[in-house]
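A closer look at the structure
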Amino acid sequence: MPLRPVEVEVPEDEPFKNCQLGLQRQGEVLEQFLSTLDEPYVLAIDSPWGSGKSTFIRMLRQQLKNNGFNTIHFNAWESDFCEEPFVGMVSEVTSALSKLPGNQLSPKTEKIKAAGKQVLKRLIPVGAKIATMGALDLDKELESVERAMAGASEKIAEDMMDSYGESKSDIKCFRETLEQFVEGLGKPLIFFVDELDRCRPSFAVELLERAKHLFSVNGVVFLLAVDKTQLGHSIQGLYGPSFDAAGYLRRFIDMDYHLHPKAHNRFYDSAIESSGVKGELSRLGDYSTAKRTGMHSLLESVFSGLNLSLREQIQLLSRAAVVLKTIPSGDAVFDYELSLMLVLRDRRPELFRRYSSGGESVEDVIDFFCSIPGDVSDDLGEITKAVLIVGYKSLSESQGELDLESRSDELKGHVRKMLSHGRWNMKTTIDRLKMAESFYS
């Protein structure tokens, strides 16, 4: 069972079949909107980190392709090793368009490629040309490095003047060639850009500039899957904390579209399986018990109450799978204790350290869990308190009786029952968790 979640499958004939987040309707709305566009347009699909943007655009792209749109996918983060974003962007355009059925537009594709090379000559400094040789078959097009450098100093002023006019002409030629191509497609050309907020700030800014200025062509629509808040922080890192990043982004992005994923039981059940937790609990012979009384109900309530992103939920479940993998078959799991401590370590690491060492009053830990909205502080509240109290007894050096005088009768009953079954569950769980911490940060 893989520790890293398996990528969601997108069936060609039914792209949203495996969507666990109720996003199909939003995909349909976006498709209708895109079908009405004939001008240059940049649309940002804005959603926080870990909310399912990448999976959504894979599904949306397949749906658009099924309905006659031509699409291009560009993973910006995988390309930011290159100094010039335009290299990757033109390469993706020409590669995607050359694969059209029957390659009926091949001559025009070659024209776009040739025009792109001319623009690229103006964009890439001599040093960067060395690094990008071959990416667009430029080795035959660009001057040798020796010739570029020889005599550069005495000709630099003249070259700058000439280059300005030539650059404008080359950019115009590239746009006109691309526009002629798109006119023959019948529908807008949709250019998906993913992972932009993970890129180097300079690369992200340059990519936005290229999209807005060089690809500003009727019928070309850019869809940026991005966390605009995070991208704004990156831009401020480049230009300074007082820089108006939001205003700057408005220069490039025409409209924002906000995803509203709805994580429900179907998503959680899928995440339990894809993270490896279900497989490990089954190996240990404890999955049915955990689903009925422990890990399932507790973690689902905590995830909802803490409003964790989808990626945060999957990461925490993957950590649970790591711990479970260290438990030999036949040993007891103590899944409820494990769930509590995983959450405490992830959300309140210092409180976890103090509690696990037995040097912290249990009340602060109880207060944390009871402050989480939903079932943790309601239906599961007394059980959670009892587990933490009995666990603290096993962790602390105190050998006296537990003071339960002020506790409810329900909680007292839970505590007595747990003590009769063994009080060392929490200590065993924390020992396992600490040993497994070597696998992750």
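These numbers come from a predicted model, not from an experiment.

A tally of regular secondary structure across the protein gives 22 helices and 5 strands. The buried share among the 441 residues of the protein stands at 47%. Here the analysis covers contacts within the protein between residues at least 6 apart in sequence; of these, 79% occur between residues at least 24 apart. For the protein, the exposed area adds up to about 21900 Å²; of that, 49% sits on carbon and sulfur atoms.

The buried fraction of strand E4 (residues 220–226) amounts to 7 of the 7 residues, a majority that puts the element mostly inside the structure. Of the two faces of E4, both are covered, the one formed by Val220, Phe222, Leu224 and Val226 as well as the one formed by Val221, Leu223 and Ala225. Bridge analysis of strand E1 (residues 41–46) against E4 gives 6 bridges, and the strand direction is parallel. If you follow valine 42 over to E4, its bridge partner there is phenylalanine 222. Looking at chain direction, strand E3 (residues 189–194) and E4 are connected through 5 bridges and run parallel. Directly across from valine 193, in E4, lies its bridge partner leucine 224. For the crossover from E3 across helix H9 (residues 201–213) to E4, the handedness is right-handed.

Pairing is parallel in the open sheet, where 5 strands are placed in the order E2-E3-E4-E1-E5. The open sheet is flanked by strand E2 (70–75) and strand E5 (255–258), the only strands paired with a single partner. Taking each pair of neighbouring strands and ignoring which way they run, the sheet shows an average axis angle of 20 degrees.

Within the structure shown, the criterion is met by 12 aromatic pairs. Centroid distance phenylalanine 33 to tyrosine 41: 5.9 Å. Interplanar angle 65 degrees. Geometry classified as edge-to-face. For tyrosine 41, a relative accessible area of 12% translates into the label buried. An angle of 75 degrees between the planes, with centres 5.6 Å apart, marks the rings of phenylalanine 215 and phenylalanine 222 as edge-to-face. With respect to burial, phenylalanine 215 and phenylalanine 222 carry one shared label: buried.

Conventions we followed
Residues numbered from 1 in each chain as written. Predicted model: local features only at pLDDT ≥ 70, side-chain atom pairs only at ≥ 80, totals over all residues. Heavy atoms only, no water. Helix = DSSP H or I, 4+ residues; strand = E, 2+ residues; numbered from the N terminus. Buried < 20%, exposed > 50% of the residue type's maximum accessible area, 1.4 Å probe, protein only. Contact = heavy atoms within 4.5 Å. Areas by Shrake-Rupley, 256 points an atom, 1.4 Å probe, with all protein chains shown as cover. Pairing = 2+ DSSP bridges. Right-handed = clockwise from strand over helix to strand, strands pointing away. Axes fitted to C-alpha atoms, helices over the stretch in contact; angles between N-to-C directions. Phe/Tyr/Trp six-rings, centres within 6.5 Å; stacked < 30°, edge-to-face > 60°.

That is the geometry; function is a separate question.
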